[in-house]
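Inside the fold
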Amino acid sequence: MQGSAAANFKIAAFVTLLAAQVFGADVTMTVNPPIISLGEAAQIQVEVRDAKRPQAPDFPRVDGLSLSGTGQSSQTRIINGKMDKSVSYTINAYPQRTGEFTIGPFNYKVDGEVKRLSGSLKVVGTSGDVTDAQSWNDMAFARITSSRNRVYVQEPFKLTLSIYSKSGLQIQRVENLQGIPETGLSKTEWNEAPATRETIDGVLYDVRRFTASLRAMGSGSFEFAPTVTIQVASPRQQRQRDPFFGGFSLFDAVQTIPVELSTKPVTIEVLPLPTIGKPGNFSGVVGRFKFRVTAEPKEVAPGDPITLQMTLIGEGNYDRILPPALPAEAPFRLFGDAVRQQGNNGVRFEQVISPQNATVTEIPPLDFSYFDSEAGQYRTVSSTPIPITVNASSNNTAQVFAAQETLTAAPADTPFATESDVQRITGWLKKQWKRIRPWLWTLSAALGAGLLLFLARRFYQRRRKDTARVRRQQAPKAARAALKAADDALRKNDTTAFYEAAGNALNSYFGNRLNLPPGEVTPHIVLNAMEKAGLETEKAKFLFDHIEAARYGLSTSQQTAHKLQTVKNDLQGLLKAIEKTKL
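Everything in this summary refers to the structure shown in the same document.

About the cut-offs
As a convention, each chain's residues are numbered from 1 in the sequence order in which they are written. Only residues with pLDDT of at least 70 are given local features in this predicted model, and only at 80 or more are side-chain atom pairs given and counted; all residues enter the totals for whole chains, interfaces and linings. Only hydrogens and water are set aside; all other atoms, that is, all heavy atoms of the structure, feed into the side-chain values. Going along the chain from the N terminus, every DSSP run of H or I of four or more residues is numbered as a helix, and every run of E of two or more is numbered as a strand. Every helix has an expected span of 1.5 Å times one less than the residues it contains. Relative accessibility decides the category of a residue: with a 1.4 Å probe and only protein chains considered, values under 20% of the type maximum give buried, values over 50% give exposed, and everything between is partly exposed. Polar contacts, as used here, are pairs of N or O atoms within 3.5 Å; protein pairs need one atom able to donate a hydrogen and one able to accept it. Residues neighboring in sequence count only if both atoms are side-chain atoms. The axes are straight lines fitted to the C-alpha atoms, using for helices just the contacting stretch, and the angles between their N-to-C directions are given from 0 to 180°. The cut-offs work like this: below 35 degrees is roughly parallel, past 145 is roughly antiparallel, 65 to 115 is roughly perpendicular, and the gaps in between are oblique. By definition in these notes, contact holds between two residues if any of their heavy atoms fall within 4.5 Å. Each pair of strands is called paired provided DSSP finds at least two bridges between the two strands. Here a pair means two rings of Phe, Tyr or Trp (six-membered ring of Trp) with centres within 6.5 Å. Their orientation is stacked below 30 degrees between planes, edge-to-face above 60, and tilted elsewhere. Consider the ring centre and the ring normal. A charge sits over the ring if Lys NZ or Arg CZ is within 6 Å of that centre and within 35 degrees of that normal.

**A word on helix α6 (residues 495–513)**
Over its 19 residues, α6 extends 27 Å from the first C-alpha to the last, a length consistent with the 27 Å expected when each residue adds 1.5 Å. With 15 of 19 residues buried, α6 lies mostly within the body of the structure. The N-cap of α6, judged by a side-chain oxygen 3.4 Å from the amide nitrogen of T496 a few residues on, is D494. Backbone geometry just after α6 places N515 at a positive phi near 55°.

See the structure below:
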């Protein structure tokens, strides 16, 4: 009995193992093409067949390869009455240098099983010589420089990122700047300077520069070693054709290759501000400044306004500059807050003041304190006194101010106006109203028309910038033009021209509708988009396969006019149905 039980156990284990081998998920990994030139891209694809719960693989990082642009596609086929399901996960590999690369081996877990996957890719030089050790660093490199290597807390300093590329290398865009410390610094905003050219060791380079002004919030050492990704234009290589997933392209296109450039680190030492000698009115301003004060008018009556202009010119952290204040004992009244105006190299404040009595003869000096980062010490600069003449008012304004403790204060909105002043201002306003009233409607109409034109222009510009929306609107028009060409080919009984026009209809419609770059319209992208929108994909798949086969593979001599008309009607019906949905 025991022997029989053991035999039964072995048989059951064998059957279980056999079932696992028959019904378990089948996973394969391919690198296509396995040999490419520098400047081309390869596709790493993991295909999972007969899996219950397939998941996207976590592709490992490979030194010298930039992996991006993951995609997913699925396929269901019935072969000899058996349903065959597969899911493919694809990622693009962009080499940064020549050589041989190994992807993996790495573990991929599916339905409780662990699969071991690996692949290889060989990258040769553009000349075709395998031994030619080329890399993108031979064509482009980046440098980071700083205007100062030692600064104080809150003192601005400038970083310059320079990207050098050999003449002829086309950089489409610069993106993904990393390696800047995320804490302890002010917000970093990069601005691009005009492009230049430089010669280094006898080689001519195109140079693109980006600058940013930063400040450290605290003392310490900050290291800057940014990396930046540039998108380099490269002619799209010829793709191998797959019956379903390979797709087809009706456009000559250019692809972009992401190239990661690193920089040699730059270290900035940030010193703390000293506590000894700090003035009482110090507000945290660090840099070097010149201070100038002007006043107009210089001849007034007590209570009349004087505009005080305080200008600070130099280099530093302008946002910490506060308006210099008059001495507390100065016989002046202030009206409202100082108005701030900031320029490229300085700050100006305007403050309205008025003398309180006729004994005032000057505007006293104003003080401004800052930390001179070049000298390493605090400085206080003072303006020169400004002589003014204050004439006694004919309506005894001086006496009113002199006895202001015994009088009721003037309204807050007219703090320096007397009763006679209010009457004079009111009369002046009435005269002005009589003058401008006839023009009021004309002015309103002109302003309204200008506003409408401004809004219309903004609306037009916004629509033009929304490329995806514009292309969605162009999709039906582009398809109709291609379908019209298909009708013309039908009348001429030109089968080749018919399928060419039908392919153009599919490519132009979905390219515009899905906002895809030229040459990126492939069946699996379109079918995936339709599946996500809840649309039936069987007819679309048939049309893609049939039209592509007729254009590139099968003979078209047996195609009857009736069959061509049916294909055209099906294609037109498909596009009309999709046009009514939100794809």
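Having seen the model, we can carry on.
**Observations concerning the packing of α6 against helix α9 (residues 561–579)**
Viewed as axis vectors pointing N to C, α6 and α9 meet at an angle of 10°, and their least axial separation amounts to 11 Å. With respect to each other, α6 and α9 are oriented roughly parallel. Here α6 contributes T495, F498, Y499, A502, A505, L506, Y509, F510 and R513 to the contact with α9, which in turn contributes L564, V567, K568, L571, L575, I578 and E579.

**Section: the pairing of strand β22 (residues 332–342)**
Looking at chain direction, β22 and strand β23 (residues 346–355) are connected through eight bridges and run antiparallel. Among the inter-strand pairings, L334 is bridged to a residue of β23, identified as I353. In this antiparallel pair of consecutive strands, β22 and β23, the connection spans three residues.

**Some remarks on the packing of aromatic side chains**
Under the definition given, this model contains 16 aromatic pairs. Centre to centre, the rings of Y164 and Y205 are 6.3 Å apart; their planes meet at 85°, and the pair counts as edge-to-face. Here Y164, found in strand β10 (residues 157–166), pairs with Y205, found in strand β14 (residues 203–214); they are 41 residues apart in sequence, far enough to count as distant. When sorted by exposure, Y164 lands in the same class as Y205, which is buried. Taking 6.0 Å as the distance between ring centres and 90° as the angle between the ring planes, the aromatic pair formed by F289 and F368 counts as edge-to-face. One end of the pair, F289, is in strand β19 (residues 286–296); the other, F368, is in strand β25 (residues 367–372), with 79 residues separating them in the sequence. Here F289 matches F368 in class, with each residue buried. An aromatic cluster is built from F289, F291, Y318, F368 and Y370, whose rings are joined through pairwise contacts. Sitting over the face of the ring of Y164, R143 holds its NZ or CZ atom 5.3 Å from the ring centroid.

**Observations regarding the sheet that holds strand β26 (residues 377–382)**
An order of β22-β23-β21-β19-β25-β26 is seen for the six strands of this open sheet, with the pairing classed as mixed. Strands with a single pairing partner mark the edges of an open sheet, and in this sheet they are β22 and β26. Going from strand to strand, the sheet's axes swing by 20° on average, the running direction of each strand aside. Direction of pairing for β19 relative to strand β21 (residues 306–316): antiparallel, over a ladder of 10 bridges. Among the inter-strand pairings, G287 is bridged to a residue of β21, identified as G316.

**Some points on the side chain of N317**
Tracing the sequence through the fold places N317 in the loop between β21 and β22. You can call N317 buried: its relative accessible area is 1%. Side-chain polar atoms of N317 contact the backbone nitrogen of V286, separated by 2.7 Å. Sequence-distant contacts of N317, defined by excluding residues within four places in its chain, comprise Q154, P156, R215, G284, V285 and V286.

Note that all results are geometric; they support no functional claim without further evidence.
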